[in-house]
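Residue strings, one per chain:
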Number of protein chains: 2
Amino acid sequence: MRVTIKDVSRVSGVSIKTVSRVLNKERYVGVETRAKVEAAVAELNFRPSTAARSLAGKRSFQIALICDNPSPYYVYEMQSGIRDRCAQDGVRMIAQPYDRNAATLLDDIENLVDATHVDGLILTPPVSDHPQVLDLLERRGVRFVRVSPGSAVDLASSTFIDNERAARVMTAHLLELGHRRIGFIAGHPSYATSGQRMRGYARALGQEGLSLDPILVREGSYDFASGARAAEALLALDVPPTAIFASSDDMAAGVLTVAHRRGLAVPGQLSVAGFDDAALAGFVWPPLTTIRQPTREMAYQAADLLLAPADAPIERREVAFELIVRESTGPVAQG
Amino acid sequence: MRVTIKDVSRVSGVSIKTVSRVLNKERYVGVETRAKVEAAVAELNFRPSTAARSLAGKRSFQIALICDNPSPYYVYEMQSGIRDRCAQDGVRMIAQPYDRNAATLLDDIENLVDATHVDGLILTPPVSDHPQVLDLLERRGVRFVRVSPGSAVDLASSTFIDNERAARVMTAHLLELGHRRIGFIAGHPSYATSGQRMRGYARALGQEGLSLDPILVREGSYDFASGARAAEALLALDVPPTAIFASSDDMAAGVLTVAHRRGLAVPGQLSVAGFDDAALAGFVWPPLTTIRQPTREMAYQAADLLLAPADAPIERREVAFELIVRESTGPVAQG
DNA sequence: TTGTATGCGTTATCAT
DNA sequence: ATGATAACGCATACAA
């Protein structure tokens with residue numbers, strides 16, 4: 001049979017309530033009493049039932065991650081970071097299935113909240129900016145933390161990198177190498193990060209006195225195929241760009257593939273830059289120059305904010321990015 | 001406040017128990033009664049509390065995935081397949097953190113089982129062959145399904161592909177192209193699939209009257225770095241192989257990178273074959289010839305077996321693999 | 001600092 | 001086919 005708090009109470013010779021106190025690390029427990037209880041817990045191998053705890057108490061010891069991203073690496077890093085933090089508090093993570101094309105998103109989330117009594121949610125783009133989801137959670141008084149929010153940033157705590165500055169740094173790097181026609185592949189507009197990165201690109205150009213040429217800017221959707229399509233279009237221009245800055249690594253991989261099929265040497269005839277440095281770090285060939293986005297760290301901090309005391313103030317926590325320069329962004333080719 | 005079964009009972013005018021019957025799709029409920037209850041459920045937007053259900057009943061409507069794999073793509077596909085199946089039954093998935101290096105695996109799993117009362121577990125390699133874990137679950141009477149088990153395959157239901165035959169098919173393909181010195185990079189021995197794939201390689205050689213040359217076989221660990229290391233060693237041989245069969249895609253990517261750094265044309269001077277076709281499908285350049293392992297389908301079937309009626313017999317469900325031939329495995333170079 | 005009684009929302013048992 | 005009532009294992013309010 002199952003070991004219950006009652007058994008611990010009996011073995012240790014104290015009341016159920018006192019055992020509960022020890023489990024929840026409440027104050028006002030005698031040192032001796034605590035020791036007795038802990039001994040009994042260890043002896044019986046007692047593990048409190050999450051179901052009973054969440055039914056009786058205010059906490060469920062579960063949080064949920066709402067994450068639908070085209071990149072498995074992103075998802076993996078998000079989960080890893082969150083779990084690292086949750087493990088410290090004995091909290092579990094529910095990986096909620098979410099199909100970005102599903103019309104049932106709102107219903108799914110409401111169902112999740114009601115059914116599991118999760119202590120909180122972590123939202124990643126593009127859900128972190130979904131007005132109706134935010135509204136729903138606010139109305140229901142459910143705690144949540146947003147990753148990379150783009151609007152209403154003071155609604156709840158969040159973690160992020162400075163996407164605009166990162167894109168500016170990357171673009172400036174390309175400009176410094178002598179590039180003047182730099183193609184840019186944006187993400188889907190529903191991702192706030194897409195606009196942020198595009199603005200960084202535009203500002204870096206402006207600082208060099210260059211104006212943004214709309215023909216050099218394409219819309220992708222952060223995945224391989226859209227990056228390849230955009231590259232095809234850019235490289236087919238009468239005056240093609242000498243460098244392409246894809247605002248995600250998967251799209252950059254698409255660019256590389258297309259460049260190769262067209263017989264272009266990289267970086268000899270085309271410089272390629274990416275953004276994220278997860279999917280392709282280490283093993284795409286040739287290596288990309290990228291902005292490294294510390295996804296795992298953002299996730300860890302998001303969980304940290306979510307697990308903070310209920311009265312903790314709303315906090316925006318910025319994480320540092322890094323420019324990783326590899327051989328693929330060489331100077332402009334001679335002649 | 002929270003909507004409870006009591007509210008539904010009041011609004012629909014039937015007893016709590018009858019509402020429960022409708023929710024659980026039990027028999028012996030009048031058509032009219034059922035309709036009334038369903039109307040009330042919809043009107044009140046009632047969602048039963050998972051916590052209360054698992055406390056009172058025998059089911060928790062939650063299952064857990066124990067998966068620690070070096071490849072984010074594998075993890076992603078596993079989760080996706082499982083969630084697709086679980087969604088049909090309104091069951092949730094807990095993604096249990098598991099560090100393959102952790103000494104606490106057994107304790108973690110026991111804790112998970114006790115704390116959450118999960119209805120079952122899905123185990124992926126190498127945990128699917130972990131003797132103590134299997135023993136623990138058996139002892140505790142916890143239901144579980146194994147993915148790609150290597151031993152004691154009748155212990156519980158499982159899903160798998162015929163790894164040995166797949167490796168044989170791949171190797172035969174290379175032999176047919178004229179290759180006679182084919183390097184092989186195995187996975188870590190703790191993965192049963194590693195031995196299975198190696199045996200397939202050896203058998204294919206045998207069928208051509210070739211004996212396995214131990215110097216051409218290296219041990220990796222299914223990740224990029226180990227594949228690169230093994231390739232370095234193989235290509236540094238006095239008589240290097242003309243083809244390398246890496247038994248995972250990540251290792252194959254390592255091989256490709258090393259080949260490139262050494263100035264080898266692929267497939268001109270070296271043919272490269274992989275296994276899995278998840279991480280690299282579509283975007284590694286040059287494309288690999290691989291065995292496509294339908295991870296998502298294996299996951300879906302695993303969940304299907306786990307959610308089957310309690311009295312369902314133990315079942316081994318095989319899923320088909322596919323040989324994907326791309327340009328990278330060309331014939332042996334002339335001269 | 002410790003103990004007692006009550007209730008969380010559902011399923012299970014046993015009635016009718 | 002439907003209903004009343006006792007669990008389930010824990011936290012909470014309130015006492016002592």
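Residues numbered from 1 in each chain as written. Chains lettered and ligands numbered in written order. Predicted model: local features only at pLDDT ≥ 70, side-chain atom pairs only at ≥ 80, totals over all residues. Heavy atoms only, no water.

- The name given to chain A in an unreviewed UniProt entry is LacI family transcriptional regulator, with Sphingomonas glacialis as the source organism.

1. Digging into the overall build of chain A
Argument step 1. Helices and strands together make up the secondary structure of chain A, namely twelve helices and twelve strands.
Argument step 2. In terms of its C-alpha atoms, chain A occupies a principal-axis envelope of roughly 90 × 35 × 35 Å.
Argument step 3. When the 335 residues of chain A are sorted by exposure, 54% land in the buried category.
Argument step 4. For chain A, the accessible area works out to roughly 14,400 Å², and carbon and sulfur atoms hold 51% of it. (Helix = DSSP H or I, 4+ residues; strand = E, 2+ residues; numbered from the N terminus. Buried < 20%, exposed > 50% of the residue type's maximum accessible area, 1.4 Å probe, protein only. Areas by Shrake-Rupley, 256 points an atom, 1.4 Å probe, with all protein chains shown as cover.)

2. Some remarks on the relation of the copies chain B and chain A
One copy of the chain maps onto the second through a rotation around an axis plus a translation along that axis.
Argument step 1. Superposing chain B onto chain A takes a rotation of 180° plus a shift of 0.0 Å along the axis, which leaves an RMSD of 0.1 Å. Such a combination of rotation and displacement between the chain copies is what one expects of a two-fold axis. (Least-squares fit on C-alpha atoms with pLDDT ≥ 70 in both.)

3. Side note on the packing of helix 2 (residues 16-23) of chain A against helix 3 (residues 31-44) of chain A
Helix-helix packing is characterised by the crossing angle of the two axes and by the distance between the axes.
All names here are of chain A.
Argument step 1. Packing of helix 2 against helix 3 leaves a shortest axis separation of 10 Å and a crossing angle of 85°. Between helix 2 and helix 3, the angle falls in the class roughly perpendicular. Together, Thr-18, Val-19, Val-22 and Leu-23 of helix 2 and Thr-33, Arg-34, Val-37, Glu-38 and Val-41 of helix 3 make up the contact between the two elements.
Argument step 2. Looking at the contact of helix 2 with helix 3 residue by residue, the class counts come to five nonpolar, two polar and two charged. (Axes fitted to C-alpha atoms, helices over the stretch in contact; angles between N-to-C directions. Parallel < 35°, antiparallel > 145°, perpendicular 65-115°, else oblique. Contact = heavy atoms within 4.5 Å. Nonpolar A, V, L, I, M, F, W, Y, C, P; charged D, E, K, R; others polar.)

4. Overview of the packing of helix 8 (residues 163-176) of chain A against helix 9 (residues 192-207) of chain A
All names here are of chain A.
Argument step 1. Contact geometry of helix 8 with helix 9 gives a least axis separation of 7 Å together with a crossing angle of 40°. Comparing the axis directions of helix 8 and helix 9 gives the class oblique. For the pair helix 8 and helix 9, the sense of crossing is right-handed. Residues Asn-163, Glu-164, Ala-167, Arg-168, Thr-171, Ala-172 and Leu-175 of helix 8 form the contact with helix 9, whose own contacting residues are Thr-193, Gln-196, Arg-197, Arg-199, Gly-200, Tyr-201, Arg-203, Ala-204, Leu-205 and Gln-207. (Left-handed = near helix turned anticlockwise from the far one by under 90°.)

5. With respect to the pattern of salt bridges
Argument step 1. The tally for this structure, following the rule as stated, stands at 48 salt bridges over all chains.
Argument step 2. The salt bridge involving Asp-114 of chain A is made with Arg-140 of chain A; its shortest N-O contact spans 2.4 Å. In this pair, Asp-114 of chain A sits in helix 6 (residues 105-116) while Arg-140 of chain A sits in helix 7 (residues 131-140), placing the two residues 26 residues apart along the sequence.
Argument step 3. Via salt bridges that share partners, Arg-47 of chain A together with Asp-107, Glu-110, Asp-114 and Arg-140 of chain B belong to a single interconnected network. (Salt bridge = Lys/Arg side-chain N within 4 Å of Asp/Glu carboxyl O.)

6. Details of the protein's contact with DNA strand C
Argument step 1. Looking at DNA strand C, there are 26 residues lining it, with Tyr-28, Gly-30 and Thr-33 of chain A together with Ile-5 and Ala-56 of chain B nearest.
Argument step 2. At 2.2 Å, a side-chain N or O of Thr-33 of chain A approaches a phosphate oxygen of DNA strand C.
Argument step 3. In this structure, a phosphate oxygen belonging to DNA strand C sits 2.6 Å away from a side-chain N or O atom of Ser-20 of chain B.
Argument step 4. Contributions of two or more residues to the surface near DNA strand C are made by helix 2 and helix 4 (50-56) of chain A together with helix 2 (16-23) and helix 4 (50-56) of chain B.
Argument step 5. Residues belonging to the surface near DNA strand C are distributed by class as follows: eleven nonpolar, nine polar and six charged. (Near = heavy atom within 4 Å. Polar contact = N/O pair within 3.5 Å; in protein donor to acceptor, adjacent residues only side chain to side chain.)

7. Remarks on the sheet that holds strand 9 (residues 271-276) of chain B
All names here are of chain B.
Argument step 1. Taken in spatial order, the six strands of this open sheet run 7-6-8-9-10-12, and their pairing is mixed. Taken across any chain shown, the strands that pair with only one partner, and hence form the sheet edges, are strand 7 (217-219) and strand 12 (322-324). Direction aside, neighbouring strands of the sheet carry axes that sit 15° apart on average.
Argument step 2. Contacts from helix 11 (residues 249-261) reach strand 6 (182-186), strand 8 (243-246), strand 9 and strand 10 (289-292) within the one sheet, and its direction differs from that of strand 9 by about 160°. (Pairing = 2+ DSSP bridges.)

8. Description of the sheet that holds strand 12 (residues 322-324) of chain A
Residues and elements named next belong to chain A.
Argument step 1. Taken together, the six strands give an open sheet; going across it, the order is 7-6-8-9-10-12, and neighbouring strands pair in mixed fashion. Whereas interior strands pair on both sides, the edge strands pair on one side only; in this sheet they are strand 7 (217-219) and strand 12. Pairwise comparison of adjacent strand axes, ignoring direction, gives a mean angle of 15° for this sheet.
Argument step 2. Each of strand 6 (182-186), strand 8 (243-246), strand 9 (271-276), strand 10 (289-292) and strand 12 touches helix 8; the most contacted strand, strand 9, lies at about 165° to it.
Argument step 3. Its contacts with the sheet put helix 11 (residues 249-261) on strand 6, strand 8, strand 9 and strand 10, and the angle it makes with strand 9 is roughly 160°.

9. Thoughts on the interface of chain B and chain A
Argument step 1. Contacts between chain B and chain A engage 42 residues on the former and 42 residues on the latter.
Argument step 2. Buried surface at the junction of chain B and chain A, summed over both partners, amounts to about 4,200 Å²; 57% is from carbon and sulfur atoms.
Argument step 3. On inspection of chain B and its partner chain A, the count reaches six salt bridges.
Argument step 4. Its salt-bridge partner being Glu-110 of chain A, residue Arg-47 of chain B comes within 3.8 Å of it at the nearest N-O pair.
Argument step 5. Taken together, chain B and chain A are joined by eleven residue pairs in polar contact (both at pLDDT 80 or more).
Argument step 6. At the level of secondary structure, the elements contributing two or more residues to the side of chain B that touches chain A comprise helix 4, helix 5 (72-89), strand 2 (92-96), helix 6 (105-116) and helix 11 of chain B.
Argument step 7. Per-element accounting of the side of chain B that touches chain A gives the leading share, seven residues, to helix 6 of chain B.
Argument step 8. By residue class, the composition of the side of chain B that touches chain A is 21 nonpolar, 13 polar and eight charged. (Buried area = accessible area lost by both parts, 1.4 Å probe.)

10. As for the UniProt feature "domain: HTH lacI-type" (unreviewed entry) in chain A
Argument step 1. UniProt records the feature "domain: HTH lacI-type" (unreviewed entry) at residues 3-57 of chain A, using the numbering of this structure.
Argument step 2. This span, residues 3-57 of chain A, is 67% helix and 0% strand, and a straight line between its end C-alpha atoms measures 19 Å. (UniProt positions renumbered as here; feature names shortened; annotations may be inferred.)

11. Here we look at the packing of aromatic side chains
Argument step 1. Going through the model one piece at a time under the given rule, you end up with seven aromatic pairs over all chains.
Argument step 2. A ring pair is formed by Phe-184 of chain B and Phe-245 of chain B, whose centres lie 5.4 Å apart and whose planes are at 85°; its orientation type is edge-to-face. Here Phe-184 of chain B, found in strand 6, pairs with Phe-245 of chain B, found in strand 8; they are 61 residues apart in sequence, far enough to count as distant. Per residue, the accessibility class of Phe-184 of chain B equals that of Phe-245 of chain B, and both read buried.
Argument step 3. Taking the centre distance of 5.0 Å and the plane angle of 75° together, the rings of Tyr-191 of chain B and Tyr-222 of chain B count as edge-to-face. Of this pair, Tyr-191 of chain B sits in the loop between strand 6 and helix 9 (192-207) while Tyr-222 of chain B sits in the loop between strand 7 and helix 10 (224-235); the two residues are 31 residues apart in sequence, bridging distant segments of the chain.
Argument step 4. For Tyr-191 of chain B, a relative accessible area of 6% puts it in the buried group.
Argument step 5. The class for Tyr-222 of chain B is buried, based on a relative accessible area of 7%.
Argument step 6. Through pairs of rings, three or more aromatic residues link up here, namely Phe-184, Tyr-201 and Phe-245 of chain A.
Argument step 7. For the cation-ring pair, Arg-316 of chain A lies above Phe-160 of chain A, with the distance from its terminal atom to the ring centre recorded as 4.6 Å. (Phe/Tyr/Trp six-rings, centres within 6.5 Å; stacked < 30°, edge-to-face > 60°. Lys NZ or Arg CZ within 6 Å of the ring centre and 35° of its normal.)

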